[in-house]
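Residue-level listing of the chains:
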Amino acid sequence: MSAFSERLLQLRKDSGLSQIALAKEIGISARVYQTYEYGKSEPGMSKLVRIADIFDVSMDYLSGKTDKP
């Protein structure tokens, strides 16, 4: 698993959101979201920004560049 997928999974679980609910919030299908969480693909810039905004964390945190959210 990549740092991104691990952090995405942890953030989602900590927030109490389901994969389906978070996918809707991001504006993607649940299947596409699952590829992010399972480390099979990563989102484009606009979706990455949306995810960072939803969880109020930096994109550097999501990518694993820093441990400071």
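Residues numbered from 1 in each chain as written. Predicted model: local features only at pLDDT ≥ 70, side-chain atom pairs only at ≥ 80, totals over all residues. Heavy atoms only, no water.

Draft legend 1. The arrangement of the environment of Phe4 in detail. The residue Phe4 is located in helix 1 (residues 3-15) in this model. With a relative accessible area of 5%, Phe4 lands in the buried category. C-alpha separation for the pair Phe4 and Glu37, spaced 33 residues apart in sequence, amounts to 8.0 Å. (Helix = DSSP H or I, 4+ residues; strand = E, 2+ residues; numbered from the N terminus. Buried < 20%, exposed > 50% of the residue type's maximum accessible area, 1.4 Å probe, protein only.)

Draft legend 2. Examining a nonpolar patch on the surface more closely. A surface patch of nonpolar side chains, about 250 Å² in accessible area, is lined by Met45, Val49 and Met59. The residue Val49 is located in helix 4 (residues 45-55) in this model. (Patch = residues over 30% accessible without salt bridge, like charges linked within 9 Å, V, L, I, M, F, W, Y side chains within 5 Å. Areas by Shrake-Rupley, 256 points an atom, 1.4 Å probe, with all protein chains shown as cover. Salt bridge = Lys/Arg side-chain N within 4 Å of Asp/Glu carboxyl O.)

Draft legend 3. Just the packing of aromatic side chains, in detail. Here the structure, examined in full by the defined rule, presents two aromatic pairs. Taken together, a centroid distance of 6.5 Å and an interplanar angle of 70° make the contact between Phe4 and Tyr36 edge-to-face. Within this pair, whereas Phe4 is found in helix 1, its partner Tyr36 is found in helix 3 (residues 30-37), the two being separated by 32 residues in sequence. Exposure class is identical for Phe4 and Tyr36. Each is buried. Taking 6.5 Å as the distance between ring centres and 70° as the angle between the ring planes, the aromatic pair formed by Tyr33 and Tyr36 counts as edge-to-face. Of the two residues, Tyr33 and Tyr36 both sit in helix 3, three residues apart, roughly one turn of that helix. Taken together, the aromatic side chains of Phe4, Tyr33 and Tyr36 make up a single cluster linked through ring pairs. In this structure, Arg7 packs its charged tip against the face of Tyr61, placed 4.2 Å from the ring centre. (Phe/Tyr/Trp six-rings, centres within 6.5 Å; stacked < 30°, edge-to-face > 60°. Lys NZ or Arg CZ within 6 Å of the ring centre and 35° of its normal.)

Draft legend 4. Quick look at the nonpolar core. In this structure, Phe4, Leu8, Tyr33, Tyr36, Ile51, Phe55 and Leu62 are the most contacted members of the largest nonpolar core, which totals 16 residues. If one sorts the elements of this core by residue count, helix 4 sits on top with four residues. Contacts of Tyr33, omitting those with residues within four sequence positions, involve Leu8, Arg12, Gln19, Leu22, Ala23, Ile26 and Ile28. (Core = buried A, V, L, I, M, F, W, Y, C linked by side-chain atoms within 4.5 Å. Contact = heavy atoms within 4.5 Å.)

Structural measurements only, silent on function.
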